[in-house]
Structure formats: C-alpha cells, structure tokens
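Okay, here's what each chain looks like letter by letter:
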Amino acid sequence: MVFAAPKQALARAEEVLGSDPSPLHASVAHQVIGIWQRDWGDMRIALDHLRRARDLAARSESADREADVLAALGVALVHAGRTRQGLAALERGVEVSSGHTRARVLFRRAYASWVLGHHRAALEDVRRAVPVLRQADDVIWTARALTLRATVHLALGAVERADADFTAAEALWDTTGQEHDKADAVESRGLAAYRSGDIPAALRLLDEAQERYAKLGTPTFMLTVRRCEVLMAAGLAPEALAEADAAVRTLDGIGGQSTLKAELLLAAARAARLAGDAHTAIARADMAVRLFAGQRRTWWETHARLVLIEARVAAGRGSGRLVADAAAVADRLASFGAPAAPEASLLAGRIALGLGWREDAQRHLEVAARSRHSGPPLARMTGWAARALWARAVGSDRGVLEACRRGLDVLDDHRTTLGASELRARATAQGAELAGLAARASLTSGGPRRLLVWSERWRATVLSAPPTRPPADPELLSELTAFREIAARAEAARMEGRPVPTLERDQRRLEREIRSRTLRIRGDAPGDGYRFDPGGLLERLGDDVRLVELAVLDGRVQVLLCGQGRVRRFEGGLLADAEREAEHVQAGLRRLAHPGAEARLPVVEAAGRRLEELLLGPAADRLGDGPVVVVPPGRLHRVPWALLPALRERVFSVSPSSSSWLRARDTVPPPGAGQVLVRGPGLATGGAEVPELAERYGSATVLEYDEARASRVLEELDGAALAHIAAHGTFRADSPLFSSLRMADGPLIVHDFERLDRSPYRIILSCCDTARFASVGADELLGLVTALLPLGTAGVVACSAPVNDEAVVPLMLALHEGLGSGLSMAEALRDARAALPGDSVHRATGWAFSAFGAA
C-alpha cells in the first residue's frame, strides 16, 4: 500500500503495531513506516524503523522476510550517505533470498546502483530480475524494474531504449492501483521527453506528475531535480535556482535524504552558473562535490566537478590546472558513457585556448566536435561550438561562419518545437556564443554587409512568427478570467487601504498556472527557411530612407548605416556607458513629467547629446534628410530616441530587427476594417482624447466605462484597422508577459493579446510604460509591443517612460490629425511633437513616445 496510498499505509502500519503483533507482522509494519519516512520524511526515523524491522524479521525465522527488509534498509542507508553499509545490506539480502524474493532484492540493489551512478551494475541486476518477476506474474515489480531500466538508459543517453521500456512499464501500471508508482512513471516520461529535446512535452508531463503527487500528499524532491533540468534547458535558470534552493531548505527541515540534497545542490550550481552567478555556482557545486564524494557516488561527483570547473572559469579563474581538471573530468565522463562528456572536452579546449596551449586545445576541441552530428540539440550545438572555436584559433573565418551557421540551424530547429514566445526568446541564449563568434569573423572577412547579415541572423527571431496556441483551451481562458477578477479586486482593495495578502497570493498562484499552461504549448510552425537579404533591404530603403542597425561586439556599439545601396560601419561608444546614460535619461523624463521641474530640461537635453555620441557616433552626421529606421539591440530598448538631436525633428521609427521592419512594410491593412477607441478606468484625464476622437472618426467602435471589459476589447481589436487604447499600463520586469493595460474588469495582459487571430494593423497606446520590454535570450524582447508585431500589427505608437496624462491628450489629438491626412505613424508623431507647447512637460511627453514598425 505504501506506493498506492501512502498516508493510509502509514496509518494501517501504526494500527498493526498497536495490536501486539507477531514478529513477522511487526516487521512488516516497521518496514512500511521506514519506507514512508525514507522517501518522504526523516531519514533518522526511517533507519530506526528499518533496523527494528530487520531484527524482527530475523526473529520471525523467514529468510525472505529478512531479505526484503535488508533490501529496504540498504536503499535507505545509501540515501543517508552510508554507501558502504547500504551495499553490504543489499549484498546480504541477495545472499539469504531466493527465487521471486531475490528478484525484488536485485531490483532494489539495481536502484541503489543507479542512485550511486553505477549504471552498468544497475543494468546487470535488472537484467537478472525482470525474467523472474515476469515469470511470477508480478506486475507491480516488473513495471518498477522496467521503469528503472529506462531511467538508467536515459542516464547513458540511450533515449530509444528508454522509450521502449517506459512504454512497456506504462502498459503494466495501467492495470494496477499503484498511484505513486504511476506518478513516478509520468515523471520519468517527462525526463525522457527532456532528454530527447521536447521541452514542452517535458513541462507538461512534469506538471501532470506534480498534480498526481499532490493528490497523494507526498513531497517531490526528485521531481524538483528533473524540473530544474528542464527549466535550465528552457532558458529559465533563475527559476531553477530558486526552486532548487527552496527544495534544499525543505529537505533539511525534515531531515530528508542526503543523496537528494546532493542532487539538488548540483542542480542549483548548474542553474546559478547559467544565470551568471558564478560565485553561488562555486559554493553550491563545492558542497555537492563533497557530499557526492562522501556518498561514494563517483558518477555524480564527476558531474559536479564539471560544474565547479565551469563556474571557476566563469569567475575568471582560468589556469593550467583547470585544463588538466577539465580533461580528467571529460575522460571519466566518457568512461561512464555520460552524455556530458563533450561538454567537458569543450571546456578543457576553451581554457587551453585562453592560455595559448594550441596542441591541448586542438585535442580537446576535436573530441568535443564529434558530438555535432548526433544526440539532442544542445549536445550537437556543443560540437559545433567546438568546431567554431578551433576554426577561429587557426584563423579560418570561413570555418567559423560555417560552424556557427550549422550550430544555429540546430537551435532554430529546436526553437520551432517551442510554442510559447517566452521559451523561444529565452532559448536563443544558447546560441549567443555562436552568434558572437560569427559576428566577429564576419567583420574581419566580409565587412559591414556581412556583419549586418549576422546581426540579423540572431536578432528578434521570435518576432518572425506568432506564438503557437491551441485552437481552444477553455481551461486557459477560465484561468485568465479568474486572474483578471482577482487582480481587479486586489487593486480596489489597495486603493481603499485594505490588506490584500490573500488576494495577492491567489493572483500569484493563477499567474503560475497560466504561465505553466502556456510554456508547455508545443510549436506547430516549422521554420520557413527565411534568410535575410541585405540587397533586398537596400532596394526597399531606396535613396531617401536610412536604416541604422546597432550591433554590439566585445562591449562596443557598431553602427551599421544602410541606405543609398550600401552598408557603412561606424564605431559608437561602450554599450555599458550607453545603458547608464539611458537610465539617467529615464530618470530625467520621470522628473519632467511633473510641473515644476523645468530646471532639469537642459540636463536631460545634454544627456540626449551624450547618448547620440555613444549610440550613433560619426553616423549621426550622415543620416541624410529622409526618414530613419533605428534597429537597436535588446539592451537599449529603453532609449527615448526622439531625445537624440539627430532624430528630434526627423521622421523616424524603431524596429526590433531589419527583417521585422521589412515584414511590417509588407503587411497590408485588413479590407473594410474600422477603428476601435478604448479608455480604461483611473486615468487622471479620464482618457479625454477619446470622446474627441470618437467625434472625428464618426463610425468608430467606442468602448469605455463598463463596456471596456477585456473580452469585449479583445473581440473588437481582432482585425481592426486602427486601435487607440487610453489606459494605465503596467510593465512587469519579473514576468513581462503579465505586463498589462487596465480595463474595467481588470488587467488585459500580453497572454490575452497572443490569443488574437490578428492584432490591429495600427495601434496607439497612449499610456505609460507600454514600450518597455524585458531583454532576454541572445537579443530578444518580451513585452506588449513585441507581442503585437508578429500577429499582424504593422505600426505601434507607445511610450517608454512615465508621462504626464494631461500633456498626452494634445499629443494624441495631433497624432490622429496627421494619420487622418494620410501620414504614416512616424510622420504623424513627428508633426504632433512639433505642435505641442514648448514647456518642459509637453516636450518630455513628446520625447517619451516612439513609433514602432513601418505603418
């Protein structure tokens, strides 16, 4: 019962012990309590009960009873880190047992071997156990043995063999009532999906396993380890670190398994390294190494040493000793048949290159490069990265570009399996090194035009296709509605000064459920094979329009000025300096949004001049007289471009990529579509421009007051020619897809917009912070504007800073006047800025808005 109904089994065992049982029955009861405590409670209590069960079994004079308890005790001792004692108990269990019981003991010894990383020994014991269990028609233990064998195959990289065993085990589990074992089988299939590169399926299966465990009321530490692996592969390393650290604290609090603590620490170390926190990674990995060594778990210890070396290198501690350490780890991992071996060889080669040890580097990188043709996507990328690094070392720019192209193609294929825009954006981080290598090689071998091609190759790729969503997901719709209601109630309570902890807790829970549901959506759109053509771009630009694409190489801004049939390169300043200056400008605009800050105006204007020097350099004097398209990197998304002197009185627009601008140029408005005007609650001006615009457009759909409800707003926005939304905007840096516009019934979030069949051709967001984004992955942006662009929107006007609500009204009216006379959004916004009064509040308001896209 302990794996079918754990709590009931524990209660029954305690009942038995309270009824003066025989030694045999008492042995069974103590064993049940021991197993329960071993897997979900305090290891000290578990060992106490299992030892008493062993002693009672000896008194019962049943060899099979004694062997069974010895096997359970052996596993517990291994989990407690007492490996030698645990293996001795398991060996004794095999000696005193026979037949069917021996097969069960062999399974437990195989399980202990898997925990210890002795995979070949585990496979041998399972090989001996399965035929006997099948012959005895022992469905439960046969299914357990097949599940274990599949898990061992996964550890060795044999995904197809694992799939076969998981399928056979699942068929057996369906005939039993072993609910915990069934949940474990689902969890294991999630691990298999992850190892085969199917991240959405892995997340879905692990979520399902979590729900099953929750019904049983059992802790899920191993599930956390596996979930952390998947989160890291999905580019969500900070979340993985938080989950692993929280699980360690919980495990310590209950006195749980030492083996699980070590695995959680290893997961935390990997997550910290990927999150860029090298010092935390070193601390976690060092603790994991020591625990694994004490537990005699060499396979695991070697993996922990790999992470420790990676973290030390990330912290700037490269040395000859680390080359030797990484090479030794690579050799040991290869001897284990571990899939991580190429990663260790790549690390050794990378450190050796940094030290100038070319022969050592070549040897290690050639070994790592062998993984480029087989295995899951990230393993193949490791191989191509090794190939690219060695090509750079021997001065072959052509070899670098070919390896980078092949590696990024692998990642492109992987990203098409991801349906959620967040996952696709974050996954690009895994190609950042290849993109950087290619950009450097292209600059030296092909000049500005080739650098432009590679800048586009890995810029805003997520915007090339809309996010995938199921045709109908009533559960997601229900969760979004509940989230909106809770958020609205919480906002009302805050305004009335009432406490909101319960509402905030419910809101966070719904956010987790919505995000979880969207992350596990599988991609359904194969890559379209699109390759950026600089010649096509230059042809579309013609002689009048200039496109300025800002690339970043080795921390410095490279300005690629496109127009008049050529691409020219200029050097800007340091990216870090530009980011700091942009933050100063943002602070200045916040001050200028309030009357009485006129003295800050010259300071902000001076900061705009410094920003221009850093971002455009000499190119600022070569922009010509026509329109300009600015394509900044993700980390410069908060720059108020209208503040730069060279752009201040010019028609300009902003685009996440040149490819995105070309797509926007080719987007045509839907025939016969009309205008939609929306004003949400709580604006200082009440959205005063909306009534005037309603009179101007006449036939426009107007949603205000109680009619401005999320479902109705979305219905009207779908396929509109022009939408104007006056509503409070909130940007969520911690979770950008929950950035929102405040409607009458609560927030309208990015996830809502992603459900549109086609977003409005043009959309104007006349509220604060709607043009703020989170920069993630290699060079991707997540936010409200970037959610609209792949869904059919060709032009957006939005704001990147807090603004004065009253000053927005004349800006918006002038903007619409220009649109009504046939101007583009960029042209109309330029004229609207010029029509504003010259005081600091109105000027700052004009600078804060930008036109995005090409409509």
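Residues numbered from 1 in each chain as written. Predicted model: local features only at pLDDT ≥ 70, side-chain atom pairs only at ≥ 80, totals over all residues. Heavy atoms only, no water.

Trainee: What's the story with the packing of helix 8 (residues 139–155) against helix 9 (residues 159–173) in this structure? I'm lost.
Mentor: Axis angle and axis distance: for two packed helices, these are the angle between their axes and the distance between the axes, and together they describe the pair. Where helix 8 contacts helix 9, the axes come no closer than 8 Å and their chain directions differ by 160°. Comparing their axes, helix 9 and helix 8 come out roughly antiparallel. For the element pair helix 8 and helix 9, the recorded crossing hand is left-handed. Residues Val139, Ile140, Thr142, Ala143, Arg144, Leu146, Thr147, Arg149, Ala150, Thr151, His153 and Leu154 of helix 8 touch helix 9, and the partners they reach there are Val159, Arg161, Ala162, Asp165, Phe166, Ala168, Ala169, Leu172 and Trp173. Tallied by class, residues from the contact of helix 8 with helix 9 come to 13 nonpolar, four polar and four charged. (Axes fitted to C-alpha atoms, helices over the stretch in contact; angles between N-to-C directions. Helix = DSSP H or I, 4+ residues; strand = E, 2+ residues; numbered from the N terminus. Parallel < 35°, antiparallel > 145°, perpendicular 65-115°, else oblique. Left-handed = near helix turned anticlockwise from the far one by under 90°. Contact = heavy atoms within 4.5 Å. Nonpolar A, V, L, I, M, F, W, Y, C, P; charged D, E, K, R; others polar.)

Trainee: In this structure, what is going on with the sheet that holds strand 11 (residues 746–749)? I would like to understand it.
Mentor: Remark on secondary structure: sheet strands pair via backbone hydrogen bonds, oriented parallel or antiparallel. Taken in spatial order, the three strands line up as 9-10-11 in an open sheet, and their pairing is antiparallel. Of all strands in the sheet, those bounded by a partner on one side alone are strand 9 (729–730) and strand 11. Note: strand 9 against strand 10 (residues 740–743), two bridges, orientation antiparallel. Residue pairing across strands places Gly729 opposite Leu741, the latter belonging to strand 10. (Pairing = 2+ DSSP bridges.)

Trainee: Got a minute to help me understand the nonpolar core in this structure?
Mentor: Nonpolar side chains in soluble globular proteins tend to end up buried together. Trp641, Ile725, Leu741, Leu765, Leu815 and Phe849 are the most contacted members of the largest nonpolar core, which totals 107 residues. A per-element tally of this core places helix 34 (residues 805–820) first, with eight residues. (Core = buried A, V, L, I, M, F, W, Y, C linked by side-chain atoms within 4.5 Å. Buried < 20%, exposed > 50% of the residue type's maximum accessible area, 1.4 Å probe, protein only.)

Trainee: Help me understand the side chain of Arg732 in this model?
Mentor: Within the secondary structure, Arg732 is located in the loop between strand 9 and strand 10. Judged by relative accessible area, Arg732 falls into the buried class, the value being 18%. A polar contact is formed between the side chain of Arg732 and the side chain of Asp734, at a distance of 2.7 Å. Residues contacting Arg732, with those up to four places away along its chain left out, are Glu511, Phe738 and Ser739. (Polar contact = N/O pair within 3.5 Å; in protein donor to acceptor, adjacent residues only side chain to side chain.)

Trainee: What is the right way to read the pairing of strand 11 from this model?
Mentor: Note on strand geometry: in a regular strand, side chains alternate between the two faces of the sheet. As paired strands, strand 10 and strand 11 are joined by four bridges and run antiparallel to one another. For Leu741, the partnering residue across the bridge sits in strand 11 and is Leu748. Count of turn residues in the strand 10/strand 11 antiparallel hairpin: two residues.

Trainee: Before we go on, may I ask you to explain the pattern of salt bridges in this structure?
Mentor: When charged atoms on two side chains of opposite charge get close, those side chains can pair. One pass over the full model with this rule turns up 60 salt bridges. Ionic pairing is found between Arg517 and Glu475, a salt bridge with its closest N-O pair at 2.8 Å. Here Glu475 lies in helix 24 (residues 474–495) and Arg517 lies in helix 25 (residues 501–519), a separation of 42 residues in the sequence. Given a relative accessible area of 15%, Arg517 falls into the buried group. Taking relative accessible area as the criterion, Glu475 reaches 48% and is therefore assigned partly exposed. Each of the salt bridges in this network shares a partner with another, and the network as a whole consists of Glu402, Arg405, Arg406, Asp409, Asp412, Arg415 and Arg457. (Salt bridge = Lys/Arg side-chain N within 4 Å of Asp/Glu carboxyl O.)

Trainee: What is the right way to read the confidence of the model for the protein from this model?
Mentor: Fine structural detail should not be taken from predicted coordinates in areas where pLDDT scores are low. In the predicted model, the protein carries a mean pLDDT of 91, and 98% of its residues have values of at least 70. In the model of the protein, strand 14 (residues 780–782) stands out as the element of lowest mean pLDDT, 77, in contrast to helix 15 (residues 278–294), which has the highest, 97. (pLDDT = per-residue confidence, 0-100.)

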